[in-house]
Amino acid sequence: DVALATRLVSGRIPSYRLEKRYIRKDGSLVWIRLNATVVHDQHGQPAHFVSVVEDIHDRRVAEEALLQSQRRLQTAMEATQIGLFDYFGPTDPRNYWSTGVHRHFGIPDDATLTIDRLLRLIHPDDVQRVTRAIAASMARPGLPYHEEYRTLGEADAKLRWIEATGKTFLDEEIGAVRMVGTT
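Let us look at the structure shown here. (Residues numbered from 1 in each chain as written. Predicted model: local features only at pLDDT ≥ 70, side-chain atom pairs only at ≥ 80, totals over all residues. Heavy atoms only, no water.)

## Observations concerning the packing of aromatic side chains
The line we're drawing: Each Phe, Tyr or Trp ring, with Trp reduced to its six-membered ring, pairs with another whose centre is within 6.5 Å; inter-plane angles below 30 degrees give stacked pairs, above 60 give edge-to-face pairs, and intermediate values give tilted ones. Per the convention used, a helix needs a DSSP run of H or I reaching at least four residues, while a strand needs a run of E reaching at least two, with both numbered from the N terminus. To sort residues, take the accessible area from a 1.4 Å probe on protein chains only and compare it with the maximum for the residue type: under 20% means buried, over 50% means exposed, and anything in between is partly exposed.
According to the stated counting rule, one finds three aromatic pairs in the structure shown. Judged by centre distance (6.0 Å) and plane angle (40°), the ring pair of Tyr87 and Trp97 falls under tilted. With Tyr87 in strand β4 (residues 84-87) and Trp97 in strand β5 (residues 96-97), the pair connects residues that are 10 residues apart, well separated along the chain. By relative accessible area, which is 6% here, Tyr87 ends up buried.

## Brief notes about the nonpolar core
The criterion, for reference: Take the buried Ala, Val, Leu, Ile, Met, Phe, Trp, Tyr and Cys residues and link them wherever side-chain atoms come within 4.5 Å; each set so joined is a nonpolar core. By definition, residues are in contact when any of their heavy atoms lie within 4.5 Å.
Tyr87, Trp97, Phe105, Ile134, Tyr145 and Tyr149 are the most contacted members of the largest nonpolar core, which totals 23 residues. Of all elements in the fold, only β4, α4 (115-120), α5 (127-139), β6 (144-152), β7 (159-171) and β8 (176-182) reach the threshold of two or more residues within this core. Counting residues per element, this core draws most heavily on α5, which supplies four residues. Not counting residues up to four positions away in its chain, the partners in contact with Tyr149 are Phe105, Ile122, Asp126, Arg129, Val130, Arg160, Trp161, Ile162, Ala164 and Thr183. Of all hydrophobic cores here, the second largest spans 10 residues; its members include Ala5, Val30, Leu34 and Val38.

Here it is, written out as structure tokens:
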């Protein structure tokens, strides 16, 4: 804070913003966002600071709770070797495939996945049945999806048995059907 104020007064920066904690009179902590700038006099010399302090405590507490929840979910998925997917449609950029899904299909964790790529890795004897089940579930929101099938790993050609379970629903916020589930 002092270093930023020094840079502000010297004219090296026009303003600054930072988030920090203050201690209330009762001893509890509160998160704030401080926005500061300096006002100069007619000679270009710093005359005074203008600062705005915004209470962001509730937002920071919510962000921390969300981060902890995400860590717990990731730990549980790793411990149980579960893959998680969130599928909106064939080319939708919001599609999500966890690293567990990557591993179940023998695909490197950092590889980009598409439904077409995954379907190509399903055993030839299973792919038509799985494709029909996905289409039926996407066509009827609320219809559960549950299929057992084999995959042939892309990187290692290893045969794996997968149990995929999910459910489709109409996401009112986006106005589209999506399928969420696990492998």
